[in-house]
Amino acid sequence: MSKFKKKKKGMPAVNTASLPDIVFMLLFFFMVTTTMRETSLQIEAPRLPSATEIKKLEHKSLVSTIYVGKAKDEKYGTAYNRIQLNDKIATPEDVPSFILRAREEVSEGEIPFMTTSIKADKESSVGTITDIRIKLRDVNALKLSYSTQTGADN
Amino acid sequence: MAKRDVPEINAGSMADIAFLLLIFFLVTTTMDVDTGISRKLPEKQPEDMPEPPKLKEKNVFIVTVNRNNDILVEGETFMTIDKIREEALKFIDNGGGDGKPGEDGTPGAPCDYCEGERSPSSSDHPNKAIISVQSDRGTDYGTYIEVQNELLKAYTVLRNRLSQQRYGIAYSELEKRYKDSRGTEKDDLKKKVEDIKTSFPQIISDAEPTS
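Residues numbered from 1 in each chain as written. Chains lettered and ligands numbered in written order. Predicted model: local features only at pLDDT ≥ 70, side-chain atom pairs only at ≥ 80, totals over all residues.

A. The overall build of chain A, seen in detail. Along its length, chain A carries four helices and eight strands. Helices and strands in chain A line up, N terminus first, as α-α-β-β-β-β-β-α-β-α-β-β. A compact globule built from 154 residues would reach a C-alpha radius of gyration of about 15 Å, whereas chain A, at 25 Å, exceeds it by more than 25%. Each principal axis of the C-alpha distribution contributes one length, and for chain A these read about 90 × 40 × 40 Å. With 154 residues in all, chain A has 32% of them scored as buried. Taking the contacts inside chain A whose residues are at least 6 apart along the sequence as the reference set, 74% of them involve residues at least 24 apart. (Helix = DSSP H or I, 4+ residues; strand = E, 2+ residues; numbered from the N terminus. Rg over C-alpha atoms; globule rule 2.2 N^0.38 Å. Buried ≥ 20, exposed ≤ 12 C-beta atoms within 10 Å, placed from the backbone. Contact = placed C-beta atoms within 7 Å.)

B. Molecular detail of the interface of chain B and chain A. Listed per partner, the contact involves 37 residues of chain B and 42 residues of chain A. Of all the elements in the fold, those that place two or more residues in the side of chain B that touches chain A are α1 (14-28), β1 (35-40), β5 (130-136) and α3 (141-167) of chain B. Across the side of chain B that touches chain A, the residue classes tally to 16 nonpolar, eleven polar and ten charged. (Nonpolar A, V, L, I, M, F, W, Y, C, P; charged D, E, K, R; others polar.)

C. View of the sheet that holds β1 of chain B. With respect to topology, seven strands assemble into an open sheet ordered β2(A)-β1(B)-β7(A)-β6(A)-β3(A)-β4(A)-β5(A), the strand pairing being mixed. Because the sheet does not close on itself, it has two edges, and the strands there are β2 (55-56) and β5 (88-90) of chain A. Of the pairings in the sheet, the one linking strand β3 (residues 63-69) of chain A to strand β4 (residues 82-85) of chain A comprises three bridges and is antiparallel in character. Directly across from glycine 69 of chain A, in β4 of chain A, lies its bridge partner arginine 82 of chain A. Each of β3, β4, β6 (115-120) and β7 (143-147) of chain A touches helix α4 (residues 126-138) of chain A; the most contacted strand, β6 of chain A, lies at about 170 degrees to it. This element, α3 of chain B, spans β6 and β7 of chain A together with β1 of chain B of the sheet and lies at about 75 degrees to β1 of chain B. (Pairing = 2+ DSSP bridges. Axes fitted to C-alpha atoms, helices over the stretch in contact; angles between N-to-C directions.)

D. Layout of the sheet that holds β5 of chain B. Residues and elements named next belong to chain B. Strand order in the open sheet formed by five strands is β4-β3-β2-β5-β6, and the pairing between neighbours is mixed. Single-partner strands in this sheet number two, and they are β4 (77-79) and β6 (204-210). Pairs of neighbouring strands in the sheet enclose a mean axial angle of 25 degrees, with direction left out of account. With five bridges joining them, β5 and β6 adopt parallel strand pairing. Paired with aspartate 136 across the bridge in β6 is threonine 210. Sitting on the sheet, helix α2 (residues 81-92) touches β2 (60-65), β3 (71-73), β4 and β5, and the angle it makes with β3 is about 20 degrees.

E. View of the confidence of the model for chain B. Residues and elements named next belong to chain B. Averaged over every residue, the pLDDT of chain B is 81; residues scoring 70 or more account for 95%. When pLDDT is averaged over each element of chain B, α3 comes out on top at 87 and β4 at the bottom at 76. The ipTM assigned to the predicted complex is 0.73, against a pTM of 0.76. (pLDDT = per-residue confidence, 0-100.)

F. A look at the packing of α2 of chain B against α3 of chain B. All names here are of chain B. Direction vectors running N to C along α2 and α3 enclose 40 degrees, while the axes themselves pass 8 Å from each other. Comparing their axes, α3 and α2 come out oblique. Crossing geometry of α2 relative to α3 is assigned as right-handed. Here Ile81, Ile84, Arg85, Ala88, Leu89 and Ile92 of α2 come into contact with α3, specifically with Glu146, Val147, Glu150, Leu151, Lys153, Ala154, Val157 and Leu158. Its residues assigned to classes, the contact of α2 with α3 comprises ten nonpolar, no polar and four charged. (Parallel < 35°, antiparallel > 145°, perpendicular 65-115°, else oblique. Left-handed = near helix turned anticlockwise from the far one by under 90°.)

Right, here's the structure in full:
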């Protein structure tokens, strides 16, 4: 009988002493990789259109982002055509200075590789995008990316 | 001998604290890679630019999108979005005539890799075939992107086909391999990629939108 009783004592508890170490490791990983959004959105988060023929944007420091969508603040109206540069709602006329300021932050050799990413809402109108495009062309910022989601292939 | 009595600090809750922080960072982390349709804008033209050479109408494929997001191809046929790709593909792949003359003055040769109808009323050669997207100021951006995407897809299909024929590997795969390669292999792959790219150049122009 004594043999059986011994078995009933059950399994020994799993040693969890190294659990904090594992958790800390994960924690540091996420702390390091987290990038807090630099600009706060003044427009509602744009619902990006989806596409399949897309390319990844590399070199994040060389990408300047222009948001287009509906302003959160109602005084700007409810159309999906407000443009946000940095932290402010802006007009297409402000685009050149925005690009020029972005250029100051990178070295001269990298300027031709700078890309402008347009994050526009599905319901924005092409006219707004065209206005931005013309302004971009004026300051010779020719690399452009229309930001999209990855859509299903059909 | 007070030293002996210092009790050990209980570290049992350390894991809990760390977990809490971990979850916070997990939630706030956004690992979004920005992806999108990339486009190269044409350079600004000086005002005293000479008139651009006239293009033959048959070499231009016009897609018009109006303010109600209706799509009109070649100014006459209304079309749903999923038909555009087929039509664009047919247009690019037609190969009804001679291509553009080379930069060194060699006369343009007919397209020997096209598999289209070779109809004389459609494009001469893929390197002459121009797709022009004419949109309205009121067109939805979503529709505009969809159209662009379909047109790009047509090019992808053609490039994949040619790459498969010439090198036995899809173009997308070829490009990926080129990016990962090093040294002499890279030069070799670069040549292949360039070859496919120039065989089916993506010529999509955005016309100034009508208002």
